[in-house]
Amino acid sequence: SWQLGVRRLQATDDVGLEALVTATFTTSSYTPSTDTNTTISTAVPALLINRARLFRLETQADARYLAGDHTLLVAKSSITPEPGQEITVDSRKWRIEQVTTEQDAWSLHIRTR
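Below is a summary of the structure that appears in this document. This one's a predicted model, so the numbers in the text were calculated from it and none came from an experiment.

From N to C terminus, the protein chain includes two helices and six strands. Reading the helices (α) and strands (β) of the protein chain from amino to carboxyl end gives α-β-β-α-β-β-β-β. Taken over 113 residues, the protein chain has a buried fraction of 31%. Here the protein chain has roughly 7,000 Å² of accessible surface; of this, 50% comes from carbon and sulfur atoms.

Here's what the structure looks like:
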């Protein structure tokens, strides 16, 4: 399960409790008939990790990471993120660069805005 995976990752990588965060995902949609935008924010528990700790270069097409990039792990049951989506973690704005699967979680390559 997601919580078991978090505990296992903490134990093996010594991530620490400070890695447990709340991530707020923001999506918006435009309705042409009413000329309005609707914004929805969804807060979910997550695990924020320095990108170098979980980075795997599997193909040349994989996104490279820059200094300051992070990996955010979120349960697949909580949200379905998309590249380009804006999120807020610890009052900082981020953008999702890449979404990959990590067992029962989404592994998000995120970069500050």
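Now that the structure has been shown, the text picks up again.
In this section: the sheet that holds strand β2 (residues 36-50). Within a beta sheet, neighbouring strands are joined by backbone hydrogen bonds and run either parallel or antiparallel to one another. Spatial strand order, β1-β2-β3-β6-β5-β4: six strands in a closed barrel with antiparallel pairing. Going from strand to strand, the sheet's axes swing by 45 degrees on average, the running direction of each strand aside. Bridge count for β2 against strand β3 (residues 70-75) is four bridges, and the pairing is antiparallel. For Asn50, the partnering residue across the bridge sits in β3 and is His70.

Moving on, we get to the packing of aromatic side chains. This structure, assessed with the given rule, holds zero aromatic pairs. Against the face of Trp106 rests Lys76, its NZ or CZ located 4.9 Å from the ring centre.

This paragraph deals with the pattern of salt bridges. Close approach of charged atoms allows side chains of opposite charge to pair. Following the criterion strictly, the structure yields four salt bridges and no others. When the shortest N-O distance is used, the salt bridge between Arg111 and Glu97 registers 3.6 Å. Remark: Glu97 occurs in strand β5 (residues 92-102) and Arg111 occurs in strand β6 (residues 105-112); sequence separation between them is 14 residues. Overlapping salt bridges bring together Asp69, Arg95, Glu97 and Arg111 as one network.

Analysis parameters
- Counting restarts for each chain, with residues numbered from 1 along the sequence as it is written.
- Whole-chain, interface and lining totals are the exception, using all residues; otherwise, since this is a predicted model, local features are given only for residues with pLDDT of at least 70 and side-chain atom pairs are given and counted only at 80 or more.
- Note that water and hydrogens are dropped before the side-chain values are worked out from all heavy atoms of the structure.
- A run of DSSP states H or I qualifies as a helix once it reaches four residues; a run of E qualifies as a strand once it reaches two. Both are numbered from the N-terminal end.
- Between buried and exposed lies partly exposed: a residue is buried under 20% and exposed over 50% of the maximum accessible area for its type, with that area taken using a 1.4 Å probe on protein chains only.
- Each accessible area value is a Shrake-Rupley result obtained with a 1.4 Å probe; residue values ignore everything except the protein chains displayed when judging cover.
- Only strands joined by at least two bridges in the DSSP assignment are considered to pair.
- Think of each axis as a best-fit line through the C-alpha atoms, taken over the contacting stretch in the case of a helix, with angles from 0 to 180 degrees between the N-to-C directions.
- The rule is short: rings of Phe, Tyr and Trp, with Trp giving its six-membered ring, pair when the centres are within 6.5 Å, and they are stacked under 30 degrees, edge-to-face over 60, tilted in between.
- By definition here, charges over rings are those cases where NZ of Lys or CZ of Arg is within 6 Å of the ring centre and within 35 degrees of the ring normal.
- Salt bridges are defined as contacts in which a side-chain nitrogen from Lys or Arg sits within 4 Å of a carboxyl oxygen from Asp or Glu.

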